[in-house]
Protein chains: 4
Amino acid sequence: MTTHAFQTVALIGKPDDPAATATVARLATLLAHRGVTVRLETRTAAALGPTRPEAGTDLAALGAVADLALVVGGDGTLIGVARTLCAHKVPLMGINLGSLGFLTETHPAHLEGSIAALLAGNYRREQRMMLQVRVERAGQIPQEACAFNDAVVHRGPSARMVTLATYVDARFVLAQAADGLIVASPTGSTAYALSAGGPIVHPRLPAFALVPICPHTLTNRPIVLPATSRIEVVLTQAPGAAQLTLDGQVPFALAEGDRVHVERAPHDVDLLCDPQWDYFAVLREKLRWGERP
Amino acid sequence: MTTHAFQTVALIGKPDDPAATATVARLATLLAHRGVTVRLETRTAAALGPTRPEAGTDLAALGAVADLALVVGGDGTLIGVARTLCAHKVPLMGINLGSLGFLTETHPAHLEGSIAALLAGNYRREQRMMLQVRVERAGQIPQEACAFNDAVVHRGPSARMVTLATYVDARFVLAQAADGLIVASPTGSTAYALSAGGPIVHPRLPAFALVPICPHTLTNRPIVLPATSRIEVVLTQAPGAAQLTLDGQVPFALAEGDRVHVERAPHDVDLLCDPQWDYFAVLREKLRWGERP
Amino acid sequence: MTTHAFQTVALIGKPDDPAATATVARLATLLAHRGVTVRLETRTAAALGPTRPEAGTDLAALGAVADLALVVGGDGTLIGVARTLCAHKVPLMGINLGSLGFLTETHPAHLEGSIAALLAGNYRREQRMMLQVRVERAGQIPQEACAFNDAVVHRGPSARMVTLATYVDARFVLAQAADGLIVASPTGSTAYALSAGGPIVHPRLPAFALVPICPHTLTNRPIVLPATSRIEVVLTQAPGAAQLTLDGQVPFALAEGDRVHVERAPHDVDLLCDPQWDYFAVLREKLRWGERP
Amino acid sequence: MTTHAFQTVALIGKPDDPAATATVARLATLLAHRGVTVRLETRTAAALGPTRPEAGTDLAALGAVADLALVVGGDGTLIGVARTLCAHKVPLMGINLGSLGFLTETHPAHLEGSIAALLAGNYRREQRMMLQVRVERAGQIPQEACAFNDAVVHRGPSARMVTLATYVDARFVLAQAADGLIVASPTGSTAYALSAGGPIVHPRLPAFALVPICPHTLTNRPIVLPATSRIEVVLTQAPGAAQLTLDGQVPFALAEGDRVHVERAPHDVDLLCDPQWDYFAVLREKLRWGERP
């Protein structure tokens, strides 16, 4: 539990979601009443319309001015914001009025209480590592971005496998023919990597999980690597239009021979949450993990 | 071991493969010397060029006239031929000079001996069931075709999962959010379905394997069903451009709401092979199955 | 739905279970009122005590006289009865007042209605194949028995792996170093074999699933074989006290060199159930299979 | 690469292995010629017999006097030595003349060169974390020991599952009905945990892998936890004689209600190896990991 005075709070709502917009409006009022400067993200401001006359600010620009970002929506919305703000050290808090997320909490009615607790410093800071992803092609870097959950190299629309060679710290690890390969952060280990058969990696462990997608041979198994590893995935064969996708949200077309570099991003993201938040309880609830009582 | 007099033999070579073309030429000569009528597939005839002046015949048309088809190439080539000929009862034999396939045999040098054995009736007939696949959309059937290995419903280029509801004999089985679902024949169980975590299904077992691809929940497991089952996979949600792919070779664009019906095809395919051919030995060799000696 | 006049009904209750005993007493009265001859299994008769003065009959002997066996208890009780009666063609019906089983149905209050329906021929007959298991040791057969779910060769209390060589129809399949190997019937595919990573096999498919338990190499995968297969598992190395266990109920100590033969038993078991009984609904409920609604 | 003057070297050979004994004799001579004091472990000294007249020293006592232990044998022998010496900070080097181990190296003929390199400081130091394991029963600690690979709670000879409740840092994680649960170190992740379906965990990652063995429900998945975690596995139900096994070598009989505590041991073990030693190359070779070239 840390005390922290939040002066300027950015508000971001899930696009095209009237319930999120209504919650943003409520939050804006609540925060203003408590003397906090509120800054709305551009699309969020537009969605609020006449009720909030000030212009919105571009999400990336908010990173420079806000000392907290409240994100109203599901995990996907939060992940997108985290990725965009990854160069800044703005803590995030997810507010999910609909359902329990891995990263976002449900406050059905007591939004006021939560905000009061937050401003009183009554919260926990969960540090989550992010990925720094770079595509190298013929000496150029045509793509460089952050990812919160995962960087996925995938065969794309082609029904034919790609062949990948993976290196860690410049050492050859293995070659694989597969539908693709997931490089996941601990947070991402319960997202797509879990679907592909990967292990759950606790978010406090500084690690990457490398999880093959539908590998061609039986002799494959996910591997968990230290977060200090410099990972390089070389697209050695790609019969079709392969792609790199970050967090399932940002696609990038790959070409045969491309080298995808993944490292830990320079900054972690701070997720603020209720002091009672319990990672294992979320796993049990979201994954129906373990036995029935 | 069955004796059978082959009068008319169709020859099909892997397209754009000079080694396959050379083997086809050798086979044509061998067979002609033994009094067998040889019919070349169109592209195969074109590849042979001036050395074989007769015109080729369309593959589908060969089904009506040939009483054996010799396919020179790998498993992929054989599978394509089997699919095209599935309405006919033409037995197939795969000849793979390069490497061991699941379905095709390697005859590095003794092609003559193999052909002699074949014509003498010294072969085994391996029956393989095929799939009959139909897409139903708004009361129409926009696609209907056979598949040898599998019918795969897949999210396609989209990074977002599809949601599928599966029925067997008109009974609801389960709903799944996943990258896709594979309906595999026993032969197909060692192809893509194996990559997705499915079991090996012996080719003499009349069965389908239903294998989810990267399912969203932990509570998923492949199921093996009797080949008498009428399977229906309904694409209940498809955020992107989902597709149906047959044998990894024939794509078809699906729309939300499409119903993909899979049943056993009316005819099995007869694969002719050496009497010594051993399914388990091929598994061990191809999959590096089990322990090292 | 088949009509069948049941003249003599065997009643078997789960041992040491007062609720089962009470249900047996109720069933005995119900059946007697309807003119059916009731025969109690020995321990079941003893549990009923003074209320049912007639002596019980040994379970194996009941097989010769009863034309139906009603088994009150969970799946485990039913499986034990099925195994003991496997030489006879007595249909079974499981009555499980506590909770849903894979094989037994829940009749919380309307036992009368169920019995009336049963005697009126308003039931479905589900045929389930059983396993015939034989241990061969130095030319002798020290153990021969049926199994309903599975025959499991396991390392037993030793922490060291066993090495097994598997043959099908006298052909070598593979060698494995593992904790053990499960040979499961379709019914058994949702029991221990599922825990070990095996596929679900539909009970109408005449098949065996061979599922390794904690195999030493990555190159292992369950295989599903036709029920006509003669399976032989040779215990090539057993550093500790390995054992064969049938249905998790009947242990038998194995010695290095023992050959465990598994074939389909000569008779199937007929399970009688409600005409509305739905295999897939049971899977969804018992395995929490698929998505949440 | 670190320079270090080894004054006193302990020699331990695989028991009852004449080849190991012969190599120990060679090593003793080599080291003595180079002025190093050699101390033989008791059984190793006995095996050498009249050729080495000095009495051996108990392995645990060697930990106090040796500044290096050379272990001649396979991974199992090295693991046993590491466990016994875990209270001491004696680095270990494995010498495996037979075959490649995960932890031991093969020196078919150039033992001299390797020893020269070692004494010249030409080696790499691989730190491996160990487990500290304690059984708590009715307020007592009937068992406390180290483990190098894993602590396994297992149903033992019983064919019936145990039920386990797992806690991390006193928080409830999940309840499982299973054959057992493996708590593995990164080194142990490629041992039994891999057989049970666990991920590979890089040895430089300070982590535990919790891998269930044949879990009863589908909703189970291995989890990787920070090495700072205090893990507690409570044996909530054990129908038979359950046991705890350390490294597959040290069994301990558990009783229902026992609490097995696992933490990182206070000291890591230093494995000395060739500077060219490559973890990924060993994985590829030992696990036949990835594609064939």
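First things first, this report covers the structure right here in the doc.

Cut-offs used in this document
Residues numbered from 1 in each chain as written. Chains lettered and ligands numbered in written order. Predicted model: local features only at pLDDT ≥ 70, side-chain atom pairs only at ≥ 80, totals over all residues. Heavy atoms only, no water. Pairing = 2+ DSSP bridges. Helix = DSSP H or I, 4+ residues; strand = E, 2+ residues; numbered from the N terminus. Contact = heavy atoms within 4.5 Å. Buried area = accessible area lost by both parts, 1.4 Å probe. Salt bridge = Lys/Arg side-chain N within 4 Å of Asp/Glu carboxyl O. Polar contact = N/O pair within 3.5 Å; in protein donor to acceptor, adjacent residues only side chain to side chain. Nonpolar A, V, L, I, M, F, W, Y, C, P; charged D, E, K, R; others polar. 1 Å grid on protein atoms, 1.4 Å probe; cavity = no way out; pocket = protein on both sides within 12 Å on 5 of 7 lines; lining within 4 Å. Points joined across faces, edges and corners; volume = space filled by probe spheres on them. Buried < 20%, exposed > 50% of the residue type's maximum accessible area, 1.4 Å probe, protein only. Axes fitted to C-alpha atoms, helices over the stretch in contact; angles between N-to-C directions. Least-squares fit on C-alpha atoms with pLDDT ≥ 70 in both. Parallel < 35°, antiparallel > 145°, perpendicular 65-115°, else oblique. Left-handed = near helix turned anticlockwise from the far one by under 90°. Arc of directions from axis to C-beta. Expected span 1.5 Å × (residues − 1). Disulfide = S-S within 2.5 Å.

Considerations on the sheet that holds strand β11 (residues 180-184) of chain A
(1) Moving on: The strand order across the open sheet built from seven strands is β17(A)-β16(A)-β8(A)-β11(A)-β13(A)-β14(A)-β11(D), with neighbouring strands paired in mixed fashion. The sheet is open, and its two borders are formed by β17 (250-253) of chain A together with β11 (200-201) of chain D, each paired with just one other strand.
(2) Moving on: Strand direction decides the pairing type here: strand β16 (residues 243-246) of chain A and β17 of chain A, joined by four bridges, are antiparallel. Bridge pairing links Q243 of chain A to A253 of chain A in β17 of chain A.

A few points about the interface of chain A and chain D
(1) Moving on: At the junction of the two partners, chain A supplies 41 residues and chain D supplies 40 residues.
(2) Moving on: Between chain A and chain D lies a buried interface of about 3,300 Å² when both sides are counted; carbon and sulfur atoms form 62% of it.
(3) Moving on: Summed over the shared surface of chain A and chain D, the result is two salt bridges.
(4) Moving on: A salt bridge links R171 of chain A to D278 of chain D, with the shortest nitrogen-to-oxygen separation between them at 3.1 Å.
(5) Moving on: The tally of links from chain A across to chain D stands at 18 residue pairs in polar contact (both at pLDDT 80 or more).
(6) Moving on: Contributions of two or more residues to the side of chain A that touches chain D are made by β10 (171-178), β12 (200-201), β14 (223-226) and α7 (279-287) of chain A.
(7) Moving on: At seven residues, the largest contribution of residues to the side of chain A that touches chain D is made by β10 of chain A.
(8) Moving on: The residue makeup of the side of chain A that touches chain D, split by class, is 24 nonpolar, nine polar and eight charged.

So, empty space enclosed by the protein
Residue and element names in this part refer to chain D.
(1) Moving on: Here the structure, examined in full by the defined rule, presents 16 cavities of 30 Å³ or more.
(2) Moving on: Of the voids in this model, the second largest cavity is the one considered here, and its volume is about 100 Å³.
(3) Moving on: Of all the secondary-structure elements, those providing two or more residues to the lining of the second largest cavity are β4 (92-95), β5 (124-128) and β18 (269-273).
(4) Moving on: Here the residues of the lining of the second largest cavity are counted per class, giving nine nonpolar, one polar and three charged.

Thoughts on the pattern of salt bridges
(1) Moving on: Per the counting criterion, the structure on display carries 52 salt bridges over all chains.
(2) Moving on: A salt bridge links R26 of chain B to E112 of chain B, with the shortest nitrogen-to-oxygen separation between them at 3.2 Å. One end of the pair, R26 of chain B, is in helix α1 (residues 18-33); the other, E112 of chain B, is in helix α5 (residues 111-119), and 86 residues separate them in sequence.
(3) Moving on: A salt bridge links R124 of chain C to E126 of chain C, with the shortest nitrogen-to-oxygen separation between them at 2.9 Å. Of the two residues examined, R124 of chain C and E126 of chain C, each falls in the buried class.
(4) Moving on: Members of the salt-bridge network, linked through shared partners, are R124, E126, R128 and R204 of chain A.

Considerations on the interface of chain A and chain C
(1) Moving on: Between chain A and chain C, the residue contacts involve ten residues of the former and ten residues of the latter.
(2) Moving on: At the surface where chain A touches chain C, the tally comes to zero salt bridges.
(3) Moving on: In this assembly, chain A and chain C are joined by one residue pair in polar contact (both at pLDDT 80 or more).
(4) Moving on: A breakdown of the residues in the side of chain A that touches chain C according to their chemical character gives one nonpolar, three polar and six charged.

Things to note about unusual backbone geometry
All names here are of chain B.
(1) Moving on: Despite not being glycine, D16 has its phi angle at roughly 55 degrees, a positive value.
(2) Moving on: Among the secondary structure elements, D16 is positioned in the loop between β1 (8-13) and α1.
(3) Moving on: What makes D16 exposed here is its relative accessible area of 81%.
(4) Moving on: In this model, A170 sits at a positive phi of 70 degrees, which is unusual for a non-glycine residue.
(5) Moving on: Checked against the element boundaries, A170 lands in the loop between β9 (162-168) and β10 (171-184).
(6) Moving on: A170 gets classed as exposed once you look at its relative accessible area, which sits at 64%.

Details of the sheet that holds β10 of chain A
Residue and element names in this part refer to chain A.
(1) Moving on: Across the sheet, six strands lie side by side as β7-β6-β18-β15-β9-β10; this open sheet has antiparallel pairing. Edge positions in the sheet fall to β7 (140-147) and β10, since each has one partner strand and no second. On average, each strand axis in the sheet is tilted by 20 degrees relative to the strand beside it, whichever way the strands run.
(2) Moving on: Taken together, the six bridges between strand β6 (residues 131-137) and strand β18 (residues 259-264) define a ladder with antiparallel strand orientation. The partner of V133 across the bridge, within β18, is V262.

A word on the relation of the copies chain A and chain D
(1) Moving on: Aligned on chain D, chain A shows an RMSD of 0.0 Å; the corresponding rotation is 180 degrees and the shift along the axis is 0.0 Å. A rotation of that kind, with that shift, is consistent with a two-fold axis. Taking the C-alpha atom as reference, chain A places P199 of chain A closest to the rotation axis, 3.2 Å from it.
(2) Moving on: A shared interface surface links the copies, since 98% of the contact residues of chain A are contact residues in chain D too.

Focus on the packing of helix α1 (residues 18-33) of chain D against helix α5 (residues 111-119) of chain D
All names here are of chain D.
(1) Moving on: One can describe the packing of α1 onto α5 by two numbers: an axis separation of 11 Å at closest approach and a directional angle of 45 degrees. By the angle between their directions, the pair α1 and α5 is classed as oblique. Once α1 is placed against α5, the crossing between them reads as right-handed. Contacts between α1 and α5 involve T23, R26, L27, L30 and L31 on the former and, on the latter, L111, E112, I115 and L119.
(2) Moving on: Taken together, the residues that form the contact of α1 with α5 break down as six nonpolar, one polar and two charged.

A word on helix α7 (residues 279-287) of chain C
All names here are of chain C.
(1) Moving on: Buried within α7 we find Y279, F280, V282, L283 and L287. In a view along the axis of α7, the buried residues occupy a sector of 155 degrees, so they form one face of it.
(2) Moving on: Near the N-terminus of α7, the side chain that reaches the backbone nitrogen of F280, with its oxygen 3.0 Å away, is that of D278.

Concerning the relation of the copies chain A and chain C
(1) Moving on: Superposition record for chain A on chain C: RMSD 0.0 Å, screw rotation 180 degrees, translation along axis 0.0 Å.
(2) Moving on: Interface residue correspondence from chain A to chain C reaches 100%, placing this contact among same-surface, isologous pairings.

Points about helix α1 (residues 18-33) of chain A
It helps to recall that an α-helix has 3.6 residues per turn; residues three or four apart then point in one direction.
Residue and element names in this part refer to chain A.
(1) Moving on: With 16 residues, α1 extends 23 Å between its outermost C-alpha atoms, agreeing within 8% with the 22 Å of an ideal straight helix rising 1.5 Å per residue.
(2) Moving on: Within the span of α1, buried status applies to A20, T21, T23, V24, L27, A28, L30 and L31.
(3) Moving on: Buried residues belonging to α1 abut β1 (8-13), β2 (37-40), α2 (42-48), β3 (68-72), β4 (92-95) and α5 (111-119).
(4) Moving on: Sitting at the head of α1, D17 places a side-chain oxygen 3.0 Å from the backbone nitrogen of A19.
(5) Moving on: Two residues or fewer after α1 comes G35, characterised by a positive phi angle close to 80 degrees.

Notes on the state of the cysteines
Residues and elements named next belong to chain B.
(1) Moving on: Overall, the coordinates contain four disulfides over all chains when judged by the stated rule.
(2) Moving on: Disulfide partner of C86: C146, at an S-S distance of 2.0 Å. Handedness here is read from the sign of the S-S torsion; for C86 and C146, about 75 degrees, the answer is right-handed. Here C146 lies in strand β7 (residues 140-147) and C86 lies in the loop between α4 (75-84) and β4 (92-95), a separation of 60 residues in the sequence. For the pair shown, C86 and C146 are each scored as buried.

Comments concerning the side chain of D278 of chain C
(1) Moving on: When you line up the elements, D278 of chain C lands in the loop between β18 (269-273) and α7.
(2) Moving on: Among the polar contacts listed, one links the side chain of D278 of chain C to the side chain of R171 of chain B, at a separation of 3.2 Å.

Re the pairing of strand β13 (residues 223-226) of chain C
(1) Moving on: Two strands pair when backbone bridges link them, and strand β11 (residues 200-201) of chain B and β13 of chain C are joined in this way by two bridges, in the parallel orientation. Bridge assignment links I200 of chain B to a residue of β13 of chain C, and that residue is I223 of chain C.
(2) Moving on: Note that strand β12 (residues 207-215) of chain C and β13 of chain C share four bridges and pair antiparallel. Looking across to β13 of chain C, one finds that A209 of chain C is bridged to V224 of chain C.

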